[in-house]
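Chains, contacts and geometry: an overview
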Amino acid sequence: MLSGKYALVTGANRGIGRAIVETFAQNGANIIANSRTEGSLDDLCSELAGKYDVQTVPVYFDVSQPDQVKQAFQKIIKITKELDIAVNNAGVLVDNLLGMIRADTIQEVFGINAFGAIYVMQYAARLMTRNKRGSIINLSSIVGVCGNEGQVVYSGSKAAIIGITRSAAKELAPFNIRVNAIAPGFIDTDMVKTLPEDIYKERVGSIKMNRIGTPQDVANCALFLASDLSEYVTGQIIGVDGGMLI
Amino acid sequence: MDNTEKLRGIFAKALEIDKAIVVDSLEYNSIFQWDSVAHMSLVAAIDDGFDIMMETDDVIDMSSFGKAKEILRKYDVEF
């Protein structure tokens, strides 16, 4: 479905990002994988290149640092001048009740989850504009849509992604660049493994399909949005949540 | 073709204007064809034509044809 296309995926070293990278590679995409931890993607990229006969290149940078994003894209244009897909997945989850939120926590969470998506989109859209095609996929969250107690900062950053996505979709549609967001519900990632058992059960109990989501569930939606199957879909926020209620 | 002529051609094609009006004093927003949307197409065409990727600050600063030449010198394009 993505044969010969080039896809940049941020936050690709684990969880949803890793599942997206694997799914895209399996479908023939060449991968530019990002993480901020130097060396963390070397093994994965080698493995995927061998397994699926695609080009896979790790590019290490912190999405919240504009200078690093700029330098990363200087490297990326040496790899390809035809970026087809950009997935803004890099994110951090920090829970704090109002009254206990530090200013630097707000800076960090918005810096990575929201500002980082804008920094990456600015350059990705430039590359896509050259070729008059592209698909940008931003990772929001069900709490960005609905809100959640203890998550004013995190949900705020994920709500920002919704406005960013809808505005960018309007701006970039004339260039045949689509911009959509995925709003995952309760997904089985490393973040979830730290939850106390009672809270875990309560969360699963709020899901109408009665199971936790998998990173693959989200990756499958990303595959649809990246592919030509969604060539007339833009500005949408798609929930991948099994009917979860908050 | 020298780089001034190459850049003039890129401006004319991206903005859909006559090459004759692409002079150093041609300014952003001074003609209806060079609006903010066209600016992004123009930047993409310049990036592509000279095989560079301009920094965001330069995209914002590129306020005239003359300024574009000044900025491109930073990317080792000679005029």
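Residues numbered from 1 in each chain as written. Chains lettered and ligands numbered in written order. Predicted model: local features only at pLDDT ≥ 70, side-chain atom pairs only at ≥ 80, totals over all residues.

When you go through chain B residue by residue, the secondary structure sums to four helices and zero strands. Counting from the amino terminus, chain B carries its helices and strands in the arrangement α-α-α-α. Taking the principal axes of its C-alpha atoms as reference, chain B extends roughly 30 × 30 × 20 Å. Across chain B, every contact between residues at least 6 apart in sequence was considered, and the portion connecting residues at least 24 apart equals 53%. (Helix = DSSP H or I, 4+ residues; strand = E, 2+ residues; numbered from the N terminus. Contact = placed C-beta atoms within 7 Å.)

Backbone hydrogen bonds hold the strands of a sheet together, and the pairing may be parallel or antiparallel. Residues and elements named next belong to chain A. Strand order in the open sheet made by the seven strands is β3-β2-β1-β4-β5-β6-β7, with parallel pairing throughout. Each end of this open sheet is capped by a strand with a single partner; those strands are β3 (56-60) and β7 (237-240). Mean inter-strand twist for the sheet, computed between neighbouring axes without regard to direction, equals 20°. Here strand β1 (residues 6-9) pairs with strand β2 (residues 30-35) via four bridges, running parallel. Looking at the pairing, Y6 lines up with N30 of β2. Contacts from helix α3 (residues 66-79) reach β1, β2 and β3 within the one sheet, and its direction differs from that of β3 by about 165°. (Pairing = 2+ DSSP bridges. Axes fitted to C-alpha atoms, helices over the stretch in contact; angles between N-to-C directions.)

A few words on the nonpolar core. Generally speaking, a soluble globular protein has its nonpolar side chains buried in company with each other. All names here are of chain A. Membership of the largest hydrophobic core comes to 88 residues, with the highest contact counts inside it found for A7, F24, I31, A124 and A222. Of the residues forming this core, the biggest block, 13 residues, is contributed by helix α4 (residues 103-131). When sequence neighbours within four positions are dropped, the list of residues in contact with A7 reads L2, F24, A29, I31, I32, D84, I85, V87 and A226. (Core = buried A, V, L, I, M, F, W, Y, C linked by C-beta atoms within 7 Å. Buried ≥ 20, exposed ≤ 12 C-beta atoms within 10 Å, placed from the backbone.)

This paragraph deals with the confidence of the model for chain B. This prediction gives chain B a mean pLDDT of 95; 100% of its residues lie at or above 70. The ipTM assigned to the predicted complex is 0.83, against a pTM of 0.94. (pLDDT = per-residue confidence, 0-100.)

A separate point is helix α4 (residues 65-73) of chain B. Residue and element names in this part refer to chain B. Taken together, the buried positions of α4 are occupied by F65, A68, I71 and L72. When α4 is viewed along its axis, its buried side chains cluster within an angular range of 115° and face the same direction. On its buried face, α4 sits against α1 (3-15), α2 (36-50) and α3 (56-61). (Arc of directions from axis to C-beta.)

Let us now look at the pairing of strand β5 (residues 134-139) of chain A. Residue and element names in this part refer to chain A. For β5, a buried count of six out of six residues is recorded, marking the element as mostly surrounded by other parts of the structure. Residues G134, I136 and N138 of β5 are buried on one face, and the alternating residues S135, I137 and L139, pointing to the opposite face, are buried as well. Relative to β5, strand β4 (residues 85-88) runs parallel, the two sharing four bridges. The partner of I85 across the bridge, within β5, is S135. Running through α4, the crossover from β4 to the neighbouring parallel element β5 is right-handed. Of the strand pairs in this sheet, β5 and strand β6 (residues 177-184) are connected by six bridges, and their pairing is parallel. Looking across to β6, one finds that I136 is bridged to V179. (Right-handed = clockwise from strand over helix to strand, strands pointing away.)

Further remarks concern the interface of chain A and chain B. Each partner contributes to the interface: chain A provides nine residues, whereas chain B provides ten residues. Contributing elements (two or more residues each) for the side of chain A that touches chain B: α3 and α4 of chain A. By residue class, the composition of the side of chain A that touches chain B is three nonpolar, three polar and three charged. (Nonpolar A, V, L, I, M, F, W, Y, C, P; charged D, E, K, R; others polar.)

Before going further, it helps to examine the pairing of β1(A). Residues and elements named next belong to chain A. Where burial is concerned, the two faces of β1 agree: the one with Y6 and L8 and the one with A7 and V9 are both buried. Read as a crossover between parallel neighbours, the route from β1 over helix α1 (residues 15-26) to β2 is right-handed. Note that β1 and β4 share three bridges and pair parallel. For A7, the partnering residue across the bridge sits in β4 and is I85.

The subject of this paragraph is the environment of F186(A). Turning to its location among the elements, F186(A) is positioned in the loop between β6 and α7 (190-193). Beyond its immediate stretch of four places on either side in the chain, F186(A) contacts R203(A), V204(A), I207(A), I212(A), G213(A) and M244(A).

When two helices pack together, their arrangement is given by the angle between the helix axes and by the axis-to-axis distance. All names here are of chain A. At a closest axis distance of 10 Å, the pairing of α1 and helix α2 (residues 42-52) adopts a crossing angle of 25°. Taken together, the axis directions place α1 and α2 in an arrangement best described as roughly parallel. As α1 runs across α2, the sense of the crossing is right-handed. Side by side, α1 and α2 meet where R18, V21, E22, A25 and Q26 of the first sit next to L44, L48 and Y52 of the second. For the contact of α1 with α2, the residue count by class is five nonpolar, one polar and two charged. (Parallel < 35°, antiparallel > 145°, perpendicular 65-115°, else oblique. Left-handed = near helix turned anticlockwise from the far one by under 90°.)

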